[in-house]
Amino acid sequence: MRFGVVVFPGTWSDCDFHYVVSEVLHQPVRYVWHRERELSELDCVILPGGFSYGDYLRAGAVAGRSPVVEALRGFVAKGGLVLGSCNGFQILCEAGFLPGVLTRNECLQYRCQSSHLVVENVDTPFTRGLRPGQVLTMPISHGEGKYHADAETLARLKQQSNPNGSLENIAGVVNPEGTVLGMMPHPERASEAAMGGTDGLLMFQSLLGSLVEDGSFLKR
């Protein structure tokens, strides 16, 4: 499976994602500069956490209009997968790939701690290897992770636990097709036992399992 990790000025989790994909999963991966538009050789594009340029205006507001994000529209339309974590989630919402917005944490403080996630949807390439109701532990590291959306969206997305004041306690959102996932926790920081846990690795393994099961990525 071919991965691309997008690099925006200011992001820092790009190296973490690259390491997990290359050294833990042993899959081909390359960095994608935010001004690039060519994504056709990739199966999954990752938007990492950190601080993208323009966050002083609103988290993800400027980065969500960068050339690589515009190129994602055609990439997703052809069946490509996109995973956005932390700032990547904010960018996906700002660019309209996912509903809702991310705002300042309810406590108005930066939060860096472990969080527990309840798996609600196992019908996506990111979660098909998990069990409904399974609890995963991953770290969060953000100051703007409070999720807002309209009442209809919240009713559809209702989940369990997140410590930043998100409406309905939503920690992650997937598009209707299940191909674009945005989440505030960092799966790349929970992919080795030496880092305190491997629950994040389960999501990457689900992606690889999807490739083996239906070969959809090979057809692109």
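Predicted model, so just to flag it, every value in this text is computed and none were measured.

**Looking at the sheet that holds strand β9 (residues 172-174)**
Right, so step 1: The strand order across the open sheet formed by 6 strands is β2-β1-β3-β4-β10-β9, and the pairing between neighbours is mixed. Edge strands, defined here as strands with exactly one partner in the open sheet, are β2 (29-33) and β9. Strand-to-strand, the axes of this sheet are offset by a mean angle of 20 degrees, without reference to chain direction.
Right, so step 2: Sheet topology note: the strand β3 (residues 44-47)/strand β4 (residues 81-85) ladder contains 4 bridges and is parallel. Paired with Ile46 across the two strands is Leu83, which belongs to β4.
Right, so step 3: Strand contacts of helix α3 (residues 87-94): β3, β4, β9 and β10 (180-183), with the helix running at about 120 degrees to β4, the strand carrying the most contacts.

**Describing the pattern of salt bridges**
Opposite charge on two side chains permits pairing when their charged atoms draw close.
Right, so step 1: For the structure shown, the criterion picks out 6 salt bridges.
Right, so step 2: For Glu36, the salt bridge identified is with Arg30, shortest N-O distance 3.1 Å.
Right, so step 3: Owing to a relative accessible area of 25%, Arg30 belongs among the partly exposed residues under this scheme.
Right, so step 4: In this structure, the salt-bridge partner of Arg30 is Glu41, at a minimum N-O distance of 2.7 Å. You can see Arg30 sitting in strand β2 and its partner Glu41 sitting in the loop between β2 and β3, a full 11 residues away along the chain.
Right, so step 5: For Glu41, a relative accessible area of 30% gives the class partly exposed.

**What to know about the pairing of β2**
Right, so step 1: Inspection of the sheet shows strand β1 (residues 3-7) paired to β2 by 5 bridges, in the parallel sense. By the bridge assignment, Val5 is partnered in β2 with Tyr31.
Right, so step 2: What joins β1 to β2 is helix α1 (residues 14-24), and the crossover it makes is right-handed.

**Observations concerning α1**
Right, so step 1: Every buried residue belonging to α1 is among Asp14, Phe17, His18, Val20, Val21 and Ser22, and all of these are buried.
Right, so step 2: Immediately downstream of α1, the backbone of His26 shows phi near 60 degrees, a positive value.

**Here we look at the confidence of the model for the chain**
Right, so step 1: Mean pLDDT for the chain: 81, with 75% of residues reaching 70 or above.
Right, so step 2: Of all helices and strands in the chain, the one with the weakest mean pLDDT is strand β8 (residues 146-148) (64), whereas β2 scores best (97).
Right, so step 3: Contacts for the low-pLDDT stretch residues 159-165, under 50 throughout, to residues beyond four places or in other chains number 26 contacts.

**Quick notes on the packing of aromatic side chains**
Right, so step 1: Here the structure, examined in full by the defined rule, presents 1 aromatic pair.
Right, so step 2: Pairing Phe17 with Phe204 gives two aromatic rings, centres 6.2 Å apart and planes at 70 degrees, and the pair type is edge-to-face. With Phe17 in helix α1 and Phe204 in helix α5 (residues 199-214), this pair connects stretches of sequence that are 187 residues apart. Phe204 carries the same exposure label as Phe17, and that label is buried.

Definitions and limits used
- Residues numbered from 1 in each chain as written.
- Predicted model: local features only at pLDDT ≥ 70, side-chain atom pairs only at ≥ 80, totals over all residues.
- Heavy atoms only, no water.
- Pairing = 2+ DSSP bridges.
- Helix = DSSP H or I, 4+ residues; strand = E, 2+ residues; numbered from the N terminus.
- Axes fitted to C-alpha atoms, helices over the stretch in contact; angles between N-to-C directions.
- Contact = heavy atoms within 4.5 Å.
- Salt bridge = Lys/Arg side-chain N within 4 Å of Asp/Glu carboxyl O.
- Buried < 20%, exposed > 50% of the residue type's maximum accessible area, 1.4 Å probe, protein only.
- Right-handed = clockwise from strand over helix to strand, strands pointing away.
- pLDDT = per-residue confidence, 0-100.
- Phe/Tyr/Trp six-rings, centres within 6.5 Å; stacked < 30°, edge-to-face > 60°.

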